[in-house]
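Chain by chain, the residues:
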Amino acid sequence: MSARRVRVRFAPSPTGPLHIGGVRTALFNYLFARQHGGDLILRIEDTDSNRFVSGAEEYIIKAFEWLGITFDEGVGIGGNYGPYRQSERREIYRKYVDQLVEEGKAYYAFDTPEELERKRKEVPNFQYDATTRMEMRNSLVMDRTEWEQLIVDGTQYTVRFKVEVGQDIVVDDLIRGKIHVKSDILDDKVLYKSADELPTYHLANIVDDHLMEVSHVIRGEEWLPSAPLHVLLYEALGWRDSMPSFAHLPLLLKPEGKGKLSKRDGDRLGFPVFPLEWHDPKTGDVSAGYRESGYFPEAVINFLALLGWNPGTEQEIFSMEELVNTFDIEKCSKSGARFDYQKGVWFNHEYILRKSDDEIARDFAAIVAGNGVEETFERVKEVVHMMKDRVNFVKELWPLCSFFFIAPTSYDEKTVKKRWKPYSTQQMTELIEVLKGIDDFSVEGQEPVVEQWIADNGYKMGDIMNAFRLTLVGVGKGPGMFDISAFLGKEETIKRLRKAIEVLPSGE
């Protein structure tokens, strides 16, 4: 690591909700910055005015607040290198556009969309480059007075970067090593559009990274094809010595089949691909979010950290602090990381087990109240203690253990058929009398008395306990029977026994 201060950035475009792949990129930037005592910048790249979506920027900021990924400067925070929205930096970019044109490293192009489309139809695999640029309508084939007059007349134009052939471009990547690319295969990318007076991603990205003194660019593999052009731009602007180090993260791949992870995969297989629920302002469609689906932010962070990075040990559960201390960008994989969404569910279950009963009970208490039940926090916590190891999400607790709070109004037919014997009515009637005589209704108070009664009468333990469970729960599931009856208390337990005896077949 050089003596240069570590400064990294995450630069999303407000064109929709933040994809989970973008969250992972932001996380790796965060871990890298924290590990090296550096700065993390939030920059909004909103130069594509045609794709801007209202509410997307606010969504991005809220998503990071929920996830616990904090920024040191940027949009909504401030800092010494602002403004941090690219749409507010027009004049800054214009200066460098003019510099490149004046130095002969870029040129004005007046080709209309229709002319470009005709050319693509005429020439297979057409590319606007050194072999074709002199056949097009641009300032390279016009007198200066001619193209200057076009600009004065308000003719729309773009500014294209002039890529010289015969160069060996070297991209030094922290994950992939040295990548050599011949300049001959690159096209003259558009750097600026007069239609909205904004630069494209390529120029704005370079200018901002340089002026904001970004030391490392950590981004997704999808940007790797742009890296050679960015190296050329750094050189063309005279910034070769301050060029950041690159690290291109592996793609997140579909859970099954080929290709990168998409929203369609989540819709088909039933898992979110966005951190928060997204309401599309144009279509009204609602897309699921990890938060609303019941995931803990710590579980999402832990899950994403291990997609494309391996700590080299068997450890899987990491706190954010442990991730900061352990993370090594050079140990990221070169190949894509398959998005095992079921592993994400596993992580959430593990975090439920590791969280205190108080913490889980705070979430579950709201669900209990939302189902019209008034219950004390301590009793909700008792249920959580008994049941949290059986669920992957807090919201799954209610259907699993609502019987603790609401007596069953019906009894599962399969369980009745299997567990309610012709003699169960008589045995449960006797059990009521046994329970009446128990003063200490704790688990320790009930269990030896009931077991002695079973033994004294020669009854089968399974027959008694299965029928007892059916009367209190309504189905054949749940924790230990004396845990249930101790929680319900003597009065409620006997009340439920009597109700079941009335409803279920007597065997007579």
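What counts, and at which threshold
Residues numbered from 1 in each chain as written. Predicted model: local features only at pLDDT ≥ 70, side-chain atom pairs only at ≥ 80, totals over all residues. Heavy atoms only, no water. Pairing = 2+ DSSP bridges. Helix = DSSP H or I, 4+ residues; strand = E, 2+ residues; numbered from the N terminus. Buried < 20%, exposed > 50% of the residue type's maximum accessible area, 1.4 Å probe, protein only. Contact = heavy atoms within 4.5 Å. Core = buried A, V, L, I, M, F, W, Y, C linked by side-chain atoms within 4.5 Å. Domains from an automatic or database assignment. Salt bridge = Lys/Arg side-chain N within 4 Å of Asp/Glu carboxyl O. Polar contact = N/O pair within 3.5 Å; in protein donor to acceptor, adjacent residues only side chain to side chain. Nonpolar A, V, L, I, M, F, W, Y, C, P; charged D, E, K, R; others polar. Phe/Tyr/Trp six-rings, centres within 6.5 Å; stacked < 30°, edge-to-face > 60°. UniProt positions renumbered as here; feature names shortened; annotations may be inferred. Axes fitted to C-alpha atoms, helices over the stretch in contact; angles between N-to-C directions. Parallel < 35°, antiparallel > 145°, perpendicular 65-115°, else oblique. Expected span 1.5 Å × (residues − 1).

### What to know about the sheet that holds strand E8 (residues 190-193)
With respect to topology, four strands assemble into an open sheet ordered E4-E5-E8-E9, the strand pairing being antiparallel. This sheet does not close on itself; its edge strands, each paired only once, are strand E4 (106-109) and strand E9 (198-199). Note that E4 and strand E5 (residues 158-161) share four bridges and pair antiparallel. For Tyr 107, the partnering residue across the bridge sits in E5 and is Arg 160.

### Focus: the side chain of Ser 215
By the element assignment, Ser 215 lies in the loop between helix H6 (201-211) and strand E10 (216-220). Among the residues examined, Ser 215 registers a relative accessible area of 2% and is labelled buried. If near-sequence neighbours (up to four positions away) are discounted, Ser 215 is found in contact with Arg 4, Arg 5, Val 6, Arg 7, Pro 244 and Ser 245.

### Looking at the nonpolar core
Grouped together as the largest cluster of nonpolar side chains are 109 residues, with contacts concentrated most on Phe 339, Phe 364, Phe 404, Phe 405 and Val 450. Residue contacts for Phe 404: discarding those within four places in its chain leaves Val 383, Met 386, Met 387, Pro 479, Ile 484, Phe 487, Leu 488 and Arg 496. Ranked by size, the runner-up nonpolar core spans 42 residues in total, among them Val 75, Tyr 157, Val 207 and Ala 227.

### Things to note about the domain arrangement of the protein
Under the domain assignment, the protein is made up of domain 1 (87-249), domain 2 (263-353), domain 3 (355-399) and domain 4 (407-507). Centre-to-centre, using C-alpha coordinates, domain 3 lies 24 Å away from domain 4. On the side of domain 4, four residues touch domain 3, which itself brings six residues to the contact. For the interface between domain 3 and domain 4, the tally reads zero salt bridges. Counting the contacts that link domain 3 with domain 4 gives one residue pair in polar contact (both at pLDDT 80 or more). By residue class, the composition of the side of domain 3 that touches domain 4 is three nonpolar, no polar and three charged.

### Regarding the packing of aromatic side chains
This model, assessed by the stated rule, comprises 26 aromatic pairs. Ring plane angle 10° and centroid distance 4.6 Å describe the contact between Phe 271 and Tyr 341, whose orientation is recorded as stacked. Here Tyr 341 lies in helix H11 (residues 341-354) and Phe 271 lies in the loop between helix H8 (263-269) and strand E13 (278-279), a separation of 70 residues in the sequence. According to the relative accessible area criterion, Phe 271 is buried, its value standing at 6%.

### So, the UniProt feature "domain: Glutamyl/glutaminyl-tRNA synthetase class Ib catalytic" (unreviewed entry) in the protein
What UniProt calls "domain: Glutamyl/glutaminyl-tRNA synthetase class Ib catalytic" (unreviewed entry) maps, in this numbering, to residues 6-343. Segment residues 6-343 splits into 32% helix and 16% strand. End C-alpha atoms: 32 Å apart.

### Structural notes on the sheet that holds strand E1 (residues 7-10)
Ordered in space as E1-E2-E3, the three strands form an open sheet in which the pairing is parallel. Looking along the sheet, the strands with just one partner apiece sit at the ends: E1 and strand E3 (73-74). Both strand E2 (residues 39-42) and E3 contribute to a ladder of two bridges, which runs parallel. Paired with Leu 42 across the strands is Gly 74, a residue of E3.

### Quick word on unusual backbone geometry
One can expect most non-glycine residues to show negative phi and most peptide bonds to be in trans. Pro 83 follows Gly 82 through a cis peptide bond whose omega is 0°. Along the chain, Pro 83 falls in the loop between E3 and helix H3 (90-102). In the Ramachandran plot, Glu 197 falls in the positive-phi region, its phi being about 55° despite a non-glycine side chain. Here Glu 197 shows up in the loop between E8 and E9.

### What to know about the packing of H3 against H6
Contact pair H3 / H6: the axes reach a minimum separation of 10 Å and the direction vectors enclose 110°. When the axis of H3 is compared with that of H6, the two are roughly perpendicular. Contacts between H3 and H6 involve Ile 92, Tyr 93, Tyr 96, Val 97 and Leu 100 from the first element and Leu 203, Ala 204, Val 207, Asp 208 and Leu 211 from the second. A class-by-class count of the residues in the contact of H3 with H6 yields nine nonpolar, no polar and one charged.

### Focus on helix H16 (residues 424-436)
Between its first and last C-alpha, H16 extends 18 Å over 13 residues, near the 18 Å set by a 1.5 Å rise per residue. Residues of H16 that are buried include every one of Ser 424, Thr 425, Gln 427, Met 428, Leu 431, Ile 432, Val 434 and Leu 435, and no others. Where the residues of H16 are buried, they touch helix H15 (413-419), helix H17 (443-457), helix H18 (461-473) and helix H19 (481-503).

### Digging into H11
For H11, spanning 14 residues, the distance from its first C-alpha to its last is 20 Å, which sits close to the expected 20 Å at 1.5 Å a residue. On the buried face of H11, the contacting elements are H8, helix H9 (297-305) and helix H12 (357-370).

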